[in-house]
Amino acid sequence: DLRSMKQNDARIARTFHEIPVHRVSKVKTGIVGEIYVKYSALANNHLEEFLRKQDCEVMMPGIMQFLLYAADMPLEDVRLYGGKKSTQVLNGVMLTYLTKYESLVMDAIGQYPEFTVPARYRRLKELAAPLIGTGCKMGEGWLLTAEMAELALSGYSNIVCAQPFGCLPNHIAGKAMISKVRRLYPEANIVAIDYDPGTARVNQENRIKLMLSIARENLEKETNEQKRS
């Protein structure tokens, strides 16, 4: 029930808040992409671990927004193309419930200023609007594009877009949208990496290292400007 969830979320956030942290400046890096490749270390050759070894601070968008996306997209179908009233009712109930849970999570995180509070689902749809239509919903669809925009806005502008080789929806909403995201967010430093058993791991890592070399140059410039000011 929501009351128990609220208590659990508050306790989890407080527990993380109590962990001692030694803060140093690092390259802030985000990970987006096809849902399995993004989250599975097996699929992405331990991407998050690799980035941490490169002395990066890593941001991985959560699963909650994807659940909201899955509940909302049948409603988008009805809005664009028409459909059954039962679909509207059922998915509307699911979306309402998940939105309440999302609020509990965000409120718990937001109590502590050292945490970066993820953008709410509604905000992600707003970020997607100038970039891609919400009717583009195969696979991760417009949500992937919106996550890149969110990361750029929240300071994690160095982004790895992890995609399976030949995954058309991911290439459209991910790789193909990079130039448009960069036009709106010039600070965005994005690299798309194909993950496939036939792709050499060293090639993947070298492309990421090239992206990170640009990120470190930008971080050094930013640090020097702050010192001068």
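Up top you'll find the structure we're talking about.
A brief structural summary.

Calculation rules
Residues numbered from 1 in each chain as written. Predicted model: local features only at pLDDT ≥ 70, side-chain atom pairs only at ≥ 80, totals over all residues. Heavy atoms only, no water. Helix = DSSP H or I, 4+ residues; strand = E, 2+ residues; numbered from the N terminus. Rg over C-alpha atoms; globule rule 2.2 N^0.38 Å. Buried < 20%, exposed > 50% of the residue type's maximum accessible area, 1.4 Å probe, protein only. Contact = heavy atoms within 4.5 Å. Areas by Shrake-Rupley, 256 points an atom, 1.4 Å probe, with all protein chains shown as cover. Lys, Arg positive; Asp, Glu negative; His and termini not counted. Charge placed at Lys NZ, Arg CZ, Asp CG, Glu CD. Core = buried A, V, L, I, M, F, W, Y, C linked by side-chain atoms within 4.5 Å. Phe/Tyr/Trp six-rings, centres within 6.5 Å; stacked < 30°, edge-to-face > 60°. Axes fitted to C-alpha atoms, helices over the stretch in contact; angles between N-to-C directions. Parallel < 35°, antiparallel > 145°, perpendicular 65-115°, else oblique. Left-handed = near helix turned anticlockwise from the far one by under 90°. Nonpolar A, V, L, I, M, F, W, Y, C, P; charged D, E, K, R; others polar.

**Observations regarding the overall build of the protein**
Within the protein, the secondary structure is distributed over 10 helices and four strands. The helix and strand sequence of the protein, counted from the amino end, reads α-β-α-α-β-α-α-α-α-β-α-α-β-α. Taken over C-alpha atoms, the radius of gyration comes to 19 Å for the protein, in line with the 17 Å a tight globule of 229 residues would show. Each of the three principal axes of the protein carries a C-alpha extent, and together these read 55 × 45 × 35 Å. The buried share of the protein, taken over its 229 residues, is 40%. Counted over contacts in the protein with a minimum sequence separation of 6, partners at least 24 positions apart contribute 69%. Summing over all exposed atoms, the protein offers an accessible surface of approximately 12,900 Å²; the carbon and sulfur share of this is 57%. Taking the 30 positively charged and 26 negatively charged side chains of the protein as two groups, their mean positions are separated by 2 Å.

**Some remarks on the nonpolar core**
Counting residues in hydrophobic clusters, the biggest one holds 34 residues, and the most contacted among them are W142 and M148. Looking at this core, the elements that each hand over two or more residues are α4 (64–81), α5 (85–110), α6 (121–128), α7 (141–153), β3 (158–164), α9 (178–184) and β4 (189–195). Per element, the largest residue contribution to this core is eight residues, and it comes from α7. Ignoring sequence-local partners within four residues, the contact set of W142 consists of Y69, M73, Y121, L124, K125, A128, I132, G133, T134 and C136. The next biggest cluster of nonpolar side chains, apart from the first, holds 18 residues, and it includes V37, L47, V160 and I208.

**Considerations on the packing of aromatic side chains**
Evaluated as defined, the whole model comprises four aromatic pairs. A ring pair is formed by F66 and Y69, whose centres lie 5.7 Å apart and whose planes are at 35°; its orientation type is tilted. With F66 and Y69 both in helix α4, this residue pair falls three residues apart, about one helical turn. Judged by relative accessible area, which is 22%, F66 ranks as partly exposed.

**Considering the packing of helix α1 (residues 2–17) against α5**
Two numbers describe how α1 lies on α5: the axes approach to 8 Å, and their chain directions differ by 30°. Considering the angle they form, α1 stands roughly parallel to α5. α1 and α5 meet at a crossing whose hand is right-handed. Of the residues in α5, those in contact with L2, M5, K6, D9, A10 and A13 of α1 are Y97, K100, Y101, L104, V105, A108 and I109. In the contact of α1 with α5, the residues fall into 10 nonpolar, no polar and three charged.

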